[in-house]
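Chains, contacts and geometry: an overview
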Amino acid sequence: DGVDDAIIVKDAPETDFSKGNFTVSGWVIKRSKTSNWGHYSYVGKWDGGANPGMNEWSLCLSQKGFDDIPSFVIETQYGLQTVGSKLPLMINKLTHLTGVRENGNLKIYVDGNLDNSTSVNDDGVSLSYNTTGQNNFIGKSIRSPKSTEL
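Attention here is on the structure that accompanies the text. Bear in mind that the values here come from a model prediction, so they are computed numbers and not experimental data.

Glancing now at the overall build of the protein. Helix and strand counts for the protein come out as zero helices and 11 strands. Secondary structure elements of the protein, listed N to C terminal, follow the sequence β-β-β-β-β-β-β-β-β-β-β. Within the protein, the proportion of its 150 residues that are buried is 43%. Taking the contacts inside the protein whose residues are at least 6 apart along the sequence as the reference set, 63% of them involve residues at least 24 apart.

Shown next, in the form of C-alpha cells:
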C-alpha cells in the first residue's frame, strides 16, 4: 500500500563506506506529518538512535522525530553526526533528497540544490564508520512489521 512498508536489502561491501566519501539519494513523497518518530525513515543502515554502535548512515524525513525536516546522519566513533535541511518537507510533494559525505563534510541537497552542510567532528583523526553488518532498508524502518527481505 506504500504507507508503512519497507524493503530490506542484505548487507554488502558496496554499502559499507568506511572512511570513504559517498552519496545516497532518491525520490520521496511524504504523505503525513512526522509525530513520535512515525513517518521519519527513508533509506539507510540504521538500527535506532537508542542502539549506539549499531548504526551506519541514514537519510531521514525527520531530524528530531517530531518535525518534517529531512536530515542525513552517520554514526562514527565520535557519536552521531547530522546535517538537517533548512526547511521542512511539504506534504504530498515529490521531492528529491540527497545526502553526501565528502572530505570531512556532511551535505544535504533538496531537489538538486545544496540546502545545508556541516563539518564532521573527527577531532583530526581519520573518520571511520561503523560497519556492523547492518542490512539496508528502504521505507518505513528496518523494524517495520511489513517488510520484504531481498
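This model, assessed by the stated rule, comprises two aromatic pairs. Relative to Phe72, the ring of Phe22 lies with its centre 5.8 Å away and its plane at 65°, an arrangement referred to as edge-to-face. With a gap of 50 residues between them, Phe22 in strand β2 (residues 22-29) and Phe72 in strand β5 (residues 71-76) connect regions that are remote in the sequence. Both residues of the pair, Phe22 and Phe72, count as buried. Members of the aromatic cluster, joined through ring pairs, are Phe22, Trp57 and Phe72.

This part covers the pattern of salt bridges. Within this structure, the stated rule accounts for six salt bridges. Across the salt bridge formed by Asp11 and Lys45, the nearest N and O atoms sit 2.5 Å from each other. With Asp11 in the loop between β1 (5-9) and β2 and Lys45 in strand β3 (residues 43-45), the pair connects residues that are 34 residues apart, well separated along the chain. By relative accessible area, which is 26% here, Asp11 ends up partly exposed. Connected via shared salt-bridge partners are Asp11, Lys45 and Glu56.

If you look at the biggest cluster of nonpolar residues, it comprises 17 residues, and the most contacted ones within it are Leu59, Phe72, Ile74 and Leu97. Within the residue set of this core, elements represented by two or more residues are β2, β4 (57-60), β5 and β8 (105-110). Beyond its immediate sequence surroundings of up to four residues, Leu97 is in contact with Val24, Ser25, Gly26, Val28, Leu59, Cys60, Leu61, Pro70, Leu89, Tyr109 and Val110.

Pairing is antiparallel in the open sheet, where four strands are placed in the order β2-β7-β8-β9. One side of each edge strand has no neighbouring strand; the edge strands of this open sheet are β2 and β9 (113-119). This sheet shows a mean twist of 15° between the axes of neighbouring strands, independent of strand direction. Where β2 lies against strand β7 (residues 94-102), eight bridges are found, and the strand directions are antiparallel. Looking at β7, one finds that Val28 is bridged to Thr95.

Turning our attention to unusual backbone geometry. Of note in this structure, Asn92 is not a glycine but carries a positive phi near 65°. Turning to its location among the elements, Asn92 is positioned in the loop between β6 (79-84) and β7. According to the relative accessible area criterion, Asn92 is partly exposed, its value standing at 48%. Here the phi dihedral of Asn103 falls at roughly 50°; this positive angle occurs in a residue that is not glycine. Looking at where Asn103 falls in the secondary structure, it is placed in the loop between β7 and β8.

Reading the values: the criteria
Residues numbered from 1 in each chain as written. Predicted model: local features only at pLDDT ≥ 70, side-chain atom pairs only at ≥ 80, totals over all residues. Heavy atoms only, no water. Helix = DSSP H or I, 4+ residues; strand = E, 2+ residues; numbered from the N terminus. Buried < 20%, exposed > 50% of the residue type's maximum accessible area, 1.4 Å probe, protein only. Contact = heavy atoms within 4.5 Å. Phe/Tyr/Trp six-rings, centres within 6.5 Å; stacked < 30°, edge-to-face > 60°. Salt bridge = Lys/Arg side-chain N within 4 Å of Asp/Glu carboxyl O. Core = buried A, V, L, I, M, F, W, Y, C linked by side-chain atoms within 4.5 Å. Pairing = 2+ DSSP bridges. Axes fitted to C-alpha atoms, helices over the stretch in contact; angles between N-to-C directions.

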